[in-house]
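Spelled out, the chains give:
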Amino acid sequence: MEMYNNEEYLKQQIMESSRHQFIYGYDGKKRKNFLENMADDYPIVLDKNSPIAIYVHEIGFPKLSLNNRKVDQIKINAISREFLNFSIASEIVLKANTISARDVLNERMKNLTEILNKYSLNKDFSKIVDLDDLLSVLLQSKEFYQKYYLEYYQKGIETLSIEDIALPFMELDMFVTLWKKAIKNDSYFGIIMDKQSEIAFSSTQAINSLVGGRINKDISMKIAVEPDKWSYYKDFNGNFIEYVHDYGTLELDDSQKKYLKRMKEKR
């Protein structure tokens, strides 16, 4: 892989800052490999106050056509939010699988699993008792919302029920806070959103809602994107996320400079 200039410096600028960030760079393997390698450099470790990088492989739903059919936008927004939260949560647990002291971590996670068990609407499901159970439940919930979205958005039908899954809702900030307590790390999770293809409008809003939240003490959103491919900056409540106030920016290559040059020439 061809390296970006000052690659280590770029990693530090991204991960050593708790600010939400838009990271501008051309789409493709070069950016993907850089971000995945960066995530490897910031693992989950016990008893150490250091940032943790989480590369999220599925950041949103695909962009689909409605074919002149109406949908309940409030429902679509809720589905998109839950999918994103479960996608992030499951990536955190997947990364925790690399920890050698699994027995120690399982013991420390009891408070989190007990709280999550209380969220279940269906008492017939088995209790979450360890990290393996937790990962299984999170992936099932993520898959449920993906299927729900595709079924409802494409066909306008609803055959699924939240009672079909053990954990129907995910309070992401609570989840991360309890994780930090369990691993005894007072730093933050850098959540890497690498937008390599088009995503649904509602998924963009879901990500914007996290960027607009005052959550960066625990969750720092790192959104990698080509400069002209993030065209909407409002959250679910219609509030704008604003440069400087809500997030900073960082450039991996010349994509931002070329984009600004094109905009000036158009004017």
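Our structure is the block above this text.
Residues numbered from 1 in each chain as written. Predicted model: local features only at pLDDT ≥ 70, side-chain atom pairs only at ≥ 80, totals over all residues. Heavy atoms only, no water.

Chemist: Just to check I follow, could you spell out the overall build of the protein chain for this structure?
Modeler: In terms of regular secondary structure, the protein chain is built from 9 helices and 5 strands. When the helices and strands of the protein chain are listed from N to C terminus, the series reads α-β-α-β-α-α-α-α-α-β-α-β-β-α. A compact globule built from 267 residues should have a C-alpha radius of gyration of about 18 Å, and the protein chain, at 19 Å, falls within 12% of that. If one aligns the C-alpha atoms of the protein chain with their principal axes, the spans along those axes are about 65 × 50 × 35 Å. Within the span of the protein chain, comprising 267 residues, buried residues form 49% of the whole. Once local pairs closer than 6 in sequence are excluded, the contacts in the protein chain between residues at least 24 apart make up 83%. Total accessible area computed for the protein chain in this model is approximately 13500 Å², and 48% of it derives from carbon and sulfur atoms. Here the protein chain contributes 38 positively and 40 negatively charged side chains, and the mean placements of these two sets differ by 5 Å. (Helix = DSSP H or I, 4+ residues; strand = E, 2+ residues; numbered from the N terminus. Rg over C-alpha atoms; globule rule 2.2 N^0.38 Å. Buried < 20%, exposed > 50% of the residue type's maximum accessible area, 1.4 Å probe, protein only. Contact = heavy atoms within 4.5 Å. Areas by Shrake-Rupley, 256 points an atom, 1.4 Å probe, with all protein chains shown as cover. Lys, Arg positive; Asp, Glu negative; His and termini not counted. Charge placed at Lys NZ, Arg CZ, Asp CG, Glu CD.)

Chemist: So what exactly am I meant to see when it comes to helix H8 (residues 201–211) here?
Modeler: Residues three or four positions apart in an α-helix share a direction because the helix packs 3.6 residues into each turn. Within H8, 9 of the 11 residues are buried, which leaves it mostly tucked inside the rest of the structure. Among all positions of H8, only Ser202, Ser203, Thr204, Gln205, Ala206, Ile207, Asn208, Leu210 and Val211 are buried. Lining the buried residues of H8 we find helix H3 (73–96), helix H6 (131–155), helix H7 (172–183), strand S3 (189–194) and strand S4 (219–225).

Chemist: Please explain the packing of aromatic side chains as it appears in this structure.
Modeler: Here a ring pair, both rings aromatic, is described through the centre-centre distance and the interplanar angle of the planes. As enumerated under the stated definition, the model contains 13 aromatic pairs in all. Geometrically, the ring pair formed by Tyr149 and Tyr153 is stacked, given 5.0 Å between the ring centres and 25° between the ring planes. With Tyr149 and Tyr153 both in helix H6 and 4 residues apart, this pair spans about one turn of that helix. For the pair formed by Tyr149 and Tyr153, the shared burial category is buried. (Phe/Tyr/Trp six-rings, centres within 6.5 Å; stacked < 30°, edge-to-face > 60°.)

Chemist: I'm lost on unusual backbone geometry in this one. Help?
Modeler: Glycine aside, a negative phi is what most residues show, and trans is what most peptide bonds show. Of note, Asn6 is a non-glycine position whose phi angle comes to about 55°, a positive value. Tracing the backbone shows Asn6 in the segment before helix H1 (7–15).

Chemist: Teacher, can you tell me more about empty space enclosed by the protein here?
Modeler: Over the atoms, a rolled probe matching the size of one water molecule traces out where space is still vacant. Using the criterion set out here, one finds 1 cavity of 30 Å³ or more in the structure. Reported here for the largest cavity is a volume of approximately 90 Å³. Considering the residues around the largest cavity, the lining is formed by Leu116, Asn117, Ser120, Asn122, Lys123, Phe125, Ser126, Lys127, Ile128, Ala166 and Leu167. Across the lining of the largest cavity, the residue classes tally to 5 nonpolar, 4 polar and 2 charged. (1 Å grid on protein atoms, 1.4 Å probe; cavity = no way out; pocket = protein on both sides within 12 Å on 5 of 7 lines; lining within 4 Å. Points joined across faces, edges and corners; volume = space filled by probe spheres on them. Nonpolar A, V, L, I, M, F, W, Y, C, P; charged D, E, K, R; others polar.)

Chemist: Would you mind showing me how to read the side chain of Asn77 here?
Modeler: Following the sequence through the fold, Asn77 ends up in helix H3. Those residues in contact with Asn77 that sit more than four places away from it in its chain are Ser202, Gln205 and Phe236.

Chemist: Would you explain the nonpolar core in this entry?
Modeler: Considering soluble globular proteins, one finds that nonpolar side chains tend to be buried as a cluster. Phe175, Trp179, Met193 and Ile207 are the most contacted members of the largest nonpolar core, which totals 67 residues. By residue number, the principal contributor to this core is H6, which donates 11 residues. Beyond its immediate sequence surroundings of up to four residues, Met193 is in contact with Val56, Ile59, Leu84, Ile88, Ile207, Met221, Lys222, Ile223 and Ala224. Membership of the second largest hydrophobic core comes to 16 residues, among which are Tyr4, Met15, Leu35 and Leu250. (Core = buried A, V, L, I, M, F, W, Y, C linked by side-chain atoms within 4.5 Å.)

Chemist: Just checking my understanding: could you explain the pattern of salt bridges for this structure?
Modeler: Any two side chains of opposite charge can pair, given that their charged atoms come close. Within the structure shown, the criterion is met by 22 salt bridges. Of the charged contacts in the structure, one is a salt bridge between Glu158 and Lys75, with a shortest N-O distance of 2.8 Å. Of this pair, Glu158 sits in the loop between H6 and H7 while Lys75 is found in helix H3, placing the two residues 83 residues apart along the sequence. Residue Lys110 is joined to Glu107 by a salt bridge in which the shortest nitrogen-to-oxygen separation is 3.2 Å. A network of salt bridges, in which partner residues are shared, links Asp27, Arg31, Asp194, Glu226 and Lys229. (Salt bridge = Lys/Arg side-chain N within 4 Å of Asp/Glu carboxyl O.)

Chemist: Explanation requested: the layout of surface pockets in the structure shown.
Modeler: Quantified by volume, the largest pocket comes out at close to 290 Å³. Along the wall of the largest pocket there are 16 residues; nearest its centre are Arg81, Asn85, Leu172, Ser209 and Leu210. Breaking the lining of the largest pocket down by element, the ones donating at least two residues are H3, H7 and H8. Considering every element that reaches the lining of the largest pocket, the biggest residue donor is H3, with 4 residues. Tallied by class, the residues present in the lining of the largest pocket amount to 9 nonpolar, 3 polar and 4 charged.

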